[in-house]
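Residues per chain are reported as follows:
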Amino acid sequence: MKYGIYYAYWEKEWGGQFVPYIKKCKRLGFDILEVACGAFYLENDSFFKELRAVAEDQGMILTGGYGPRPEHNLASRDEAAVEKAFAFYADMFRKMELAGIDRIGGALYSYWPVDFHAPMDKPGDTARSIARMQRLADMAADFGITLNMESLNRFEGYMINEAYECIDYVKAVDRPNVKVMLDTFHMNIEEDSITEAIRKSGALLGHFHVGEANRRCPGPGGRFDWAEIGKVLKEINYGGYVVMEPFVTMGGQVGKDISIWRDLSHGATEEQLDADAAASVAYLRRVMG
């Protein structure tokens, strides 16, 4: 397995410059930097060529994430809006290929965070989403990209909340580049057993996010048995990526969307955030690897 971190651990807004984080994360002991893809449409090709060149120079892997905005909801009844979403994704996929990013995860089947005041039709939305995801997967395949469907907790999404729902969705889409994505933060809320959810996902598991129950960096003082989680990942022959997604500081769109209403870092400087991330990845390698 290879280990990574999401750039937004250090940021308060989605998007921005990722190149400095490639070098930082290499120095801290990571194999992977995960970046937000939702603002790729704002950047020209040179941005992505530089990203790829620096990542290759540093020996780092890049992965992508996106919590789709409402206008990119593949479950929508608005056919015109869905066609615009496909155009948005076509541009994103081309730029991902330029950057050397071969996988993206998130609530790609719907949108995020969900407006629970809006009307919802889970069966109808799911059926529409599956049909559109088949088309999106075929588009992504042309660029060598895998789409990972993230199972989210009930307070952030409604279509896929548990591993079994994610598995059923992926099987219904029936495309080799559409996979299950699990995240320990969401699993802690929804799953009866984190390890059984991993076992059920088996060969369909395409991406794995980790973080403590309060979204701090994984470590020995948290509530999860990381050694047991690593054991089950090896049991299902998961050789993919383990990417931590900690969120510990307030402010900006990131803090608002993730609902960070107190300073979980306890006033940490950037240097302390770096040290915490480095200690966390070293710990995961030791107990999970």
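Here, the structure is the one placed above.
Bear in mind that the values here come from a model prediction, so they are computed numbers and not experimental data.

What counts, and at which threshold
Residues numbered from 1 in each chain as written. Predicted model: local features only at pLDDT ≥ 70, side-chain atom pairs only at ≥ 80, totals over all residues. Heavy atoms only, no water. Phe/Tyr/Trp six-rings, centres within 6.5 Å; stacked < 30°, edge-to-face > 60°. Buried < 20%, exposed > 50% of the residue type's maximum accessible area, 1.4 Å probe, protein only. Lys NZ or Arg CZ within 6 Å of the ring centre and 35° of its normal. Helix = DSSP H or I, 4+ residues; strand = E, 2+ residues; numbered from the N terminus. Pairing = 2+ DSSP bridges. Right-handed = clockwise from strand over helix to strand, strands pointing away. 1 Å grid on protein atoms, 1.4 Å probe; cavity = no way out; pocket = protein on both sides within 12 Å on 5 of 7 lines; lining within 4 Å. Points joined across faces, edges and corners; volume = space filled by probe spheres on them. Nonpolar A, V, L, I, M, F, W, Y, C, P; charged D, E, K, R; others polar.

1. So, the packing of aromatic side chains
1) Next: Tallied over the full model, the rule gives 18 aromatic pairs.
2) Next: Centre to centre, the rings of tyrosine 9 and tryptophan 10 are 4.8 Å apart; their planes meet at 70°, and the pair counts as edge-to-face.
3) Next: Note on tyrosine 9: relative accessible area 2%, which makes it buried.
4) Next: The exposure class assigned to tryptophan 10 is buried, which follows from its relative accessible area of 13%.
5) Next: Positioned over the ring face of phenylalanine 86 is arginine 135, at 3.8 Å from the centre of the ring.
6) Next: A cation over a ring is seen here: arginine 215 above phenylalanine 185, with NZ or CZ 4.0 Å from the ring centre.

2. Concerning the pairing of strand β1 (residues 2-6)
1) Next: Across the five residues that make up β1, a large majority, four, are buried.
2) Next: Looking at chain direction, β1 and strand β8 (residues 241-244) are connected through four bridges and run parallel. Bridge assignment links tyrosine 3 to a residue of β8, and that residue is valine 242.
3) Next: The sheet contact formed by β1 and strand β2 (residues 32-36) spans three bridges and is parallel. Within β2, the position partnered with isoleucine 5 by the bridge is leucine 33.
4) Next: Where the polypeptide runs from β1 across helix α1 (residues 19-28) and back to β2, its parallel neighbour, the crossover connection is right-handed.

3. Topic: the layout of surface pockets
1) Next: Taken as a whole, the largest pocket encloses approximately 530 Å³ of empty space.
2) Next: Together, 31 residues line the largest pocket, and Tyr6, Trp14, Tyr66, Gly67 and Trp112 are the ones closest to its centre.
3) Next: Listing elements by their share of the lining of the largest pocket, those giving two or more residues are β2, β4 (103-106) and α9 (252-258).
4) Next: Counting residues per element, the lining of the largest pocket draws most heavily on α9, which supplies three residues.
5) Next: Residue composition of the lining of the largest pocket, grouped by class: 15 nonpolar, nine polar and seven charged.
6) Next: Roughly 280 Å³ of volume is contained in the second largest pocket.
7) Next: Arg216, Cys217, Pro218, Val248 and Asp276 are, among the 19 residues lining the second largest pocket, the residues nearest its centre.
8) Next: Grouping the constituent residues of the lining of the second largest pocket by class yields nine nonpolar, seven polar and three charged.

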